[in-house]
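Listed below are the residues making up each chain.
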Amino acid sequence: MSTHPAVAELVTKMKKACAAHDNPDEIVTAVASAAKALAANKSWVKPEYFECDEVQGMGITILNEELDHSILVETVAWLPGRGVAPHDHQTWGVVVGIEGEEVNVNWQRLDDGRNPDFAELEIIEERQICNGDVVPLLPDDIHSVRNEGETTSLSLHVYGHALSSLERYEFDPINKIRRVCPQRKRRE
Ligand SMILES: [Fe+2]
């Protein structure tokens with residue numbers, strides 16, 4: 001994988017933030033401005049990043065993943081009308097809008113988490129994410145995303161760990177179910 005210099009600069013800043021802070025909250029704050037700067041400078045964005053898998057409704061392109069699976073940088077495109085169910089990440093993350101209109105919904109758990117297959121969720125915030133808007137994510141935060149625009153959306157996603165090597169969770173708020181999040185198809 002050849003990494004664009006602008007992406008490499010963000011990765012360097014992410015590593016510095018991880019070395020300087022232990023608390024995911026502080027890492028997210030430190031990484032957010034660098035991620036926002038990369039989303040504003042679109043010189044690295046290629047047309048193929050907008051290509052989506054019809055079945056999953058989205059297209060994920062890995063821009064950088066360290067060999068030890070730390071530090072993941074990727075773009076995610078969603079087809080109009082498509083999105084993902086509420087899920088967590090089991091690592092810190094930052095999402096920044098690049099193109100289009102994604103609606104980001106933050107949820108909170110109402111149950112005590114004692115039953116691993118059960119979860120009761122309620123919406124705490126719903127925001128429209130356009131170019132430059134930042135969504136900070138802590139390891140247990142739960143969010144869902146849908147593209148309510150008429151064009152394919154694109155956003156930048158950075159995480160403290162490769163999502164493909166984490167067991168994380170997806171939620172069905174209507175049926176109050178918590179289950180292991182399916183692996184998404186990713187391209188490099
Ligand atoms: Fe997510």
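Everything that follows concerns the structure shown earlier in this document.
Residues numbered from 1 in each chain as written. Predicted model: local features only at pLDDT ≥ 70, side-chain atom pairs only at ≥ 80, totals over all residues.

1. As for the overall build of the chain
Thought 1: Helix and strand counts for the chain come out as two helices and twelve strands.
Thought 2: Sequence-ordered secondary structure for the chain, helices as α and strands as β, is α-α-β-β-β-β-β-β-β-β-β-β-β-β.
Thought 3: Scaling as 2.2 N^0.38, a compact globule of 188 residues should have a C-alpha radius of gyration of about 16 Å, and the chain matches this with 16 Å.
Thought 4: With respect to the three principal axes, the spread of C-alpha positions in the chain is 45 × 40 × 25 Å.
Thought 5: Across the chain, the fraction of contacts at a sequence separation of at least 24, relative to all contacts at a separation of at least 6, is 77%. (Helix = DSSP H or I, 4+ residues; strand = E, 2+ residues; numbered from the N terminus. Rg over C-alpha atoms; globule rule 2.2 N^0.38 Å. Contact = placed C-beta atoms within 7 Å.)

2. Overview of helix 2 (residues 24-40)
Thought 1: Taking 1.5 Å per residue as the helical rise, helix 2 with its 17 residues ought to reach 24 Å, and the 24 Å between its terminal C-alpha atoms agrees with that figure.
Thought 2: At A32, helix 2 shows its largest kink, close to 30°.
Thought 3: When helix 2 is considered as a whole, its buried residues turn out to be I27, V28, V31, A34, A35, L38 and A39.
Thought 4: As for helix 2, its buried residues are in contact with helix 1 (5-20), strand 4 (93-99), strand 7 (134-137) and strand 9 (153-161). (Expected span 1.5 Å × (residues − 1). Bend = angle between axes of the 7 residues up to and from the residue. Buried ≥ 20, exposed ≤ 12 C-beta atoms within 10 Å, placed from the backbone.)

3. Some words on the sheet that holds strand 12 (residues 186-187)
Thought 1: On the basis of which strands lie adjacent, the open sheet formed by six strands has the order 7-4-9-2-1-12 and mixed pairing. Since the sheet does not close on itself, it has two edges, and those belong to strand 7 and strand 12, each with one partner.
Thought 2: Relative to strand 2 (residues 70-78), strand 1 (residues 58-65) is paired through seven bridges, and the arrangement is antiparallel. When the bridges of strand 2 are listed, I62 appears paired with E74.
Thought 3: Against the sheet, helix 1 contacts strand 1, strand 2 and strand 9, and its axis sits at roughly 130° relative to strand 2.
Thought 4: The strands that helix 2 touches are strand 4, strand 7 and strand 9; relative to strand 4, the one it contacts most, it runs at about 20°. (Pairing = 2+ DSSP bridges. Axes fitted to C-alpha atoms, helices over the stretch in contact; angles between N-to-C directions.)

4. Describing the nonpolar core
Thought 1: By size, the foremost hydrophobic cluster in this structure holds 36 residues, and its most contacted members are V31, A35, A77, V94 and V158.
Thought 2: Secondary structure elements with two or more residues in this core: helix 1, helix 2, strand 1, strand 2, strand 4, strand 7 and strand 9.
Thought 3: It is helix 2 that provides the largest number of residues to this core, a total of seven residues.
Thought 4: If we ignore the near neighbours within four places in the chain, the residues touching V158 are M14, V31, A35, L72, V73, G93 and V94. (Core = buried A, V, L, I, M, F, W, Y, C linked by C-beta atoms within 7 Å.)

5. Comments concerning unusual backbone geometry
Thought 1: Despite not being glycine, H69 shows a phi value in the positive range, around 70°.
Thought 2: Its location among the elements puts H69 in the loop between strand 1 and strand 2.
Thought 3: On the basis of neighbour counts, which here come to 13 C-beta atoms within 10 Å, the residue H69 falls in the partly exposed class.
Thought 4: Even without a glycine there, the phi angle at I71 is positive, about 60°.
Thought 5: On the secondary structure map, I71 appears in strand 2.
Thought 6: Among the residues examined, I71 registers 20 C-beta atoms within 10 Å and is labelled buried.

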